[in-house]
Amino acid sequence: MGPDARFGTEPSPHPGIYVLHLGIYVPLLCHFLVDISHILPYMCLILGPILVCTVCPHPGIYVPYPGLHPETQFDVKVYYRGNLVKNTLVKNANGFQLTSSKQPNPESYLEDVTLPPPTMIRDQKAAAEIATILDSLIPGTKVEVREGSICAQRLGKCRSYWAMTDEPTTNEPSPISKTGHSLLYNCQRFVKELIEFIEKQRKESPQYSIWICLGQSWPDGKSWKKKLIMVQVTPTSMQMLHEMSYNIGASSLRSSEVNLQISDSLSLHSTSDLLTFLKEFEEKMECS
């Protein structure tokens, strides 16, 4: 298979790897992919200009490694009273800032995710309460990658809370700090838990979507759909690894979280191949 002119690829010095002109290494993952040409658009969408790939010491297996720390894009969904009102892909590997009013700041290293006014909410009382929260959201709550971890900090008056699932088992609220950065999650923990799940050392597959509640205490025993403003943050690189696990037969993974358009394009040979992939990834992160 030769270079794909549609995406500006060319052979790299390493066999089996093609390089985007933007400087992105896209691995063939010889044991995993039959042909990269038909999934290259999706890999670029997931990985974007963020992951650098290097050759794994095991013949025929190529593993995507970040440069110094894991980096990712973010799929961000905003809900008002359980209704999806905004869905956007944040391509900035540094992260983003949740705000209700975009303010030009040339020095900002984060991407703005501006929440819309609640004009689509028919319940006027709920709409008024959402508007009040949005007014207090400026200058926002930021979600950013710091040394390989996903952290958050609220900058304005609007209190923010978070959990790693939409159905927390605890009723103890988990606030996002205003004075420092709250550690939410990191890729290394996700890979470790995914390895443990595949090796049947844990019953549940790892969670990778972060849920943020704006303006109201949460978790509090109530359904997230009852909350005025909820934001679901999904790191797309973790989602990709989750889908690869599902594709080799880890049927306990939540099918509702799997993007079949991508997972159907992948062909993984065995659990041992995927474990090799993940353990090499984990070792690289530990050494970075």
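Residues numbered from 1 in each chain as written. Predicted model: local features only at pLDDT ≥ 70, side-chain atom pairs only at ≥ 80, totals over all residues. Heavy atoms only, no water.

**Examining the pattern of salt bridges**
Two side chains that carry opposite charge are able to pair once their charged atoms sit near each other. Scanning the model with the defined rule gives eight salt bridges in all. Across the pair glutamate 193 and arginine 202 runs a salt bridge, and its minimum N-O distance is 3.7 Å. We note a salt bridge from glutamate 199 to lysine 279, for which the minimum N-O separation is 2.7 Å. Here the residue glutamate 199 occupies a position in the loop between α3 (187–198) and β14 (210–214), and lysine 279 occupies one in helix α6 (residues 271–287), the gap between them amounting to 80 residues. (Salt bridge = Lys/Arg side-chain N within 4 Å of Asp/Glu carboxyl O. Helix = DSSP H or I, 4+ residues; strand = E, 2+ residues; numbered from the N terminus.)

**Considerations on the state of the cysteines**
Per the counting criterion, the structure on display carries zero disulfides. Its sulfur unpaired, cysteine 158 is 8.7 Å from the next cysteine sulfur, which belongs to cysteine 213. A relative accessible area of 3% means that cysteine 158 is categorised as buried. (Disulfide = S-S within 2.5 Å. Buried < 20%, exposed > 50% of the residue type's maximum accessible area, 1.4 Å probe, protein only.)

**Points about the sheet that holds strand β8 (residues 95–99)**
The strand order β9-β8-β10-β11-β13 describes an open sheet built from five strands, whose pairing is mixed. The open sheet is flanked by β9 (111–114) and β13 (182–186), the only strands paired with a single partner. Strand-to-strand twist of the sheet, defined as the mean angle between neighbouring strand axes without regard to direction, takes the value 25°. (Pairing = 2+ DSSP bridges. Axes fitted to C-alpha atoms, helices over the stretch in contact; angles between N-to-C directions.)

**Some thoughts on the layout of surface pockets**
In this structure, the second largest pocket spans a volume of roughly 220 Å³. Lining the second largest pocket are Gln97, Thr99, Ser101, Gln103, Asn105, Ser108, Tyr109, Leu110, Asp112, Ile138, Pro139 and Lys142. Across the lining of the second largest pocket, the residue classes break down as four nonpolar, six polar and two charged. (1 Å grid on protein atoms, 1.4 Å probe; cavity = no way out; pocket = protein on both sides within 12 Å on 5 of 7 lines; lining within 4 Å. Points joined across faces, edges and corners; volume = space filled by probe spheres on them. Nonpolar A, V, L, I, M, F, W, Y, C, P; charged D, E, K, R; others polar.)

**A short note on the pairing of strand β6 (residues 74–80)**
Judged by how many residues are buried, β6 sits mostly within the fold: seven of seven residues are covered. Of the two faces of β6, the one holding Phe74, Val76, Val78 and Tyr80 and the one holding Asp75, Lys77 and Tyr79 are both buried throughout. Pairing between β6 and strand β7 (residues 83–90): seven bridges, direction antiparallel. In the strand pairing of β7, tyrosine 80 is matched with asparagine 83. Here seven bridges tie β6 to strand β15 (residues 229–235), and the two strands are oriented antiparallel to one another. Considered in β15, the bridge of aspartate 75 is made with threonine 234.

**Considering the confidence of the model for the protein chain**
Per-chain confidence: the protein chain averages 74 in pLDDT, with 65% of residues scoring 70 or above. In this model residues 1–68 is a low-confidence stretch, pLDDT under 50, and it forms 151 contacts with partners more than four residues away in sequence or in other chains. Of the regions scoring below 50 in pLDDT, residues 251–268 engages in 44 contacts with residues more than four places distant in sequence or in other chains. (pLDDT = per-residue confidence, 0-100. Contact = heavy atoms within 4.5 Å.)

**Examining the nonpolar core**
A general tendency of soluble globular proteins is for nonpolar side chains to be buried together. One finds Ile212 and Leu241 to be the most contacted residues of the largest nonpolar core, which totals 51 residues. With sequence-adjacent residues up to four places away left out, isoleucine 212 is seen in contact with Leu98, Val143, Tyr161, Trp162, Ile176, Ile229, Met230, Val231 and Val233. Among the nonpolar cores identified, the runner-up in size contains eight residues, and Tyr79, Ala163, Trp211 and Trp224 belong to it. (Core = buried A, V, L, I, M, F, W, Y, C linked by side-chain atoms within 4.5 Å.)

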